[in-house]
Amino acid sequence: QVQVVESGGGLVQPGGSLRLSCAASGTGYSIDFMGWYRQVSGSERELVATMSSGRSTNYADSVKGRFIISSGNAKNMVYLEMNSLKPEDTAVYYCIVRSVIGRAYWGQGTQVTVSS
């Protein structure tokens, strides 16, 4: 059974930082792509940051220089370090993983709220 579980969301003041974590298990195949998307109610889900198996990264323009995606040393883990947070970063953040056979899986999402 595939599980993709995010954690680390919460309430933070503008200018603050949060670190999201995502753990994937049960895919049955190696994972070659992991990433983060976010969604505001009433809007489409949008890309935040992604990382391929070669550690190549891609960021949305709105988060470049503030967010960092990494995989650390743990297998099938991906992190999103979010700094200098702004109210417009408020959203539900979703983790996505894709196995080498092309099947993608989403987590259930974690709420990030940036507000004073």
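The structure under discussion appears in the preceding block.
Residues numbered from 1 in each chain as written. Predicted model: local features only at pLDDT ≥ 70, side-chain atom pairs only at ≥ 80, totals over all residues. Heavy atoms only, no water.

## Looking at the overall build of the chain
Argument step 1. In terms of helices and strands, the chain carries zero helices and 11 strands.
Argument step 2. Ordered by position from the N terminus, the helices and strands of the chain form the series β-β-β-β-β-β-β-β-β-β-β.
Argument step 3. A globule of 116 residues ought to have a C-alpha radius of gyration of about 13 Å, and the chain, at 14 Å, matches this closely.
Argument step 4. In terms of principal-axis extent, the alpha carbons of the chain reach across some 45 × 25 × 25 Å.
Argument step 5. Counting only residues that meet the buried cut, the chain has 42% of its 116 residues in that class.
Argument step 6. Taking as baseline every contact in the chain between residues at least 6 positions apart, the subset at least 24 positions apart corresponds to 52%.
Argument step 7. With 10 positive and 8 negative side-chain charges, the chain shows a spacing of 7 Å between the two charge centroids. (Helix = DSSP H or I, 4+ residues; strand = E, 2+ residues; numbered from the N terminus. Rg over C-alpha atoms; globule rule 2.2 N^0.38 Å. Buried < 20%, exposed > 50% of the residue type's maximum accessible area, 1.4 Å probe, protein only. Contact = heavy atoms within 4.5 Å. Lys, Arg positive; Asp, Glu negative; His and termini not counted. Charge placed at Lys NZ, Arg CZ, Asp CG, Glu CD.)

## Some words on the pairing of strand 8 (residues 77-82)
Argument step 1. Most of strand 8 sits out of view: five of its six residues are buried.
Argument step 2. Note that strand 3 (residues 18-25) and strand 8 share six bridges and pair antiparallel. Note on strand 8: the bridge partner recorded for Leu20 is Leu80.
Argument step 3. Two elements, strand 7 (residues 67-70) and strand 8, share four bridges in a ladder whose sense is antiparallel. Within strand 8, the position partnered with Ser70 by the bridge is Tyr79.
Argument step 4. Linking two consecutive strands that pair antiparallel, namely strand 7 and strand 8, is a turn of six residues; a positive phi of about 60° is found at Gly72 within it. (Pairing = 2+ DSSP bridges.)

## Notes on the state of the cysteines
Argument step 1. Under the defined criterion, the tally for this structure stands at one disulfide.
Argument step 2. The partner cysteine of Cys22 in its disulfide is Cys95, sulfur to sulfur 2.0 Å. On the S-S bond that ties Cys22 to Cys95, the torsion sits near -80°, and the link is left-handed. You can see Cys22 sitting in strand 3 and its partner Cys95 sitting in strand 9 (residues 91-99), a full 73 residues away along the chain.
Argument step 3. For Cys95, a relative accessible area of 0% gives the class buried. (Disulfide = S-S within 2.5 Å.)

## Remarks on the environment of Ser115
Argument step 1. Along the chain, Ser115 falls in the segment after strand 11 (110-114).
Argument step 2. Sequence separation between Ser115 and Ala60 is 55 residues, and the spatial gap between their C-alpha atoms is 21 Å.

## Topic: the nonpolar core
Argument step 1. Trp36, Leu80, Met82 and Tyr93 are the most contacted members of the largest nonpolar core, which has 28 residues in total.
Argument step 2. For this core, the elements supplying multiple residues, two or more each, are strand 3, strand 4 (31-39), strand 5 (46-52), strand 7, strand 8, strand 9 and strand 11. (Core = buried A, V, L, I, M, F, W, Y, C linked by side-chain atoms within 4.5 Å.)

## Details of the packing of aromatic side chains
Argument step 1. Throughout the structure, instances matching the rule amount to two aromatic pairs.
Argument step 2. Consider the rings of Tyr37 and Trp106, whose centres lie 5.2 Å apart with planes at 75°: the pair is edge-to-face. Placement of the pair is Tyr37 in strand 4 and Trp106 in strand 10 (residues 104-106), with a sequence separation of 69 residues.
Argument step 3. Between Tyr94 and Trp106 the ring centres are 6.5 Å apart and the planes differ by 85°, which places this aromatic pair in the edge-to-face class. Of the two residues, Tyr94 sits in strand 9 while Trp106 sits in strand 10, which places them 12 residues apart along the sequence.
Argument step 4. A relative accessible area of 38% means that Trp106 is categorised as partly exposed. (Phe/Tyr/Trp six-rings, centres within 6.5 Å; stacked < 30°, edge-to-face > 60°.)

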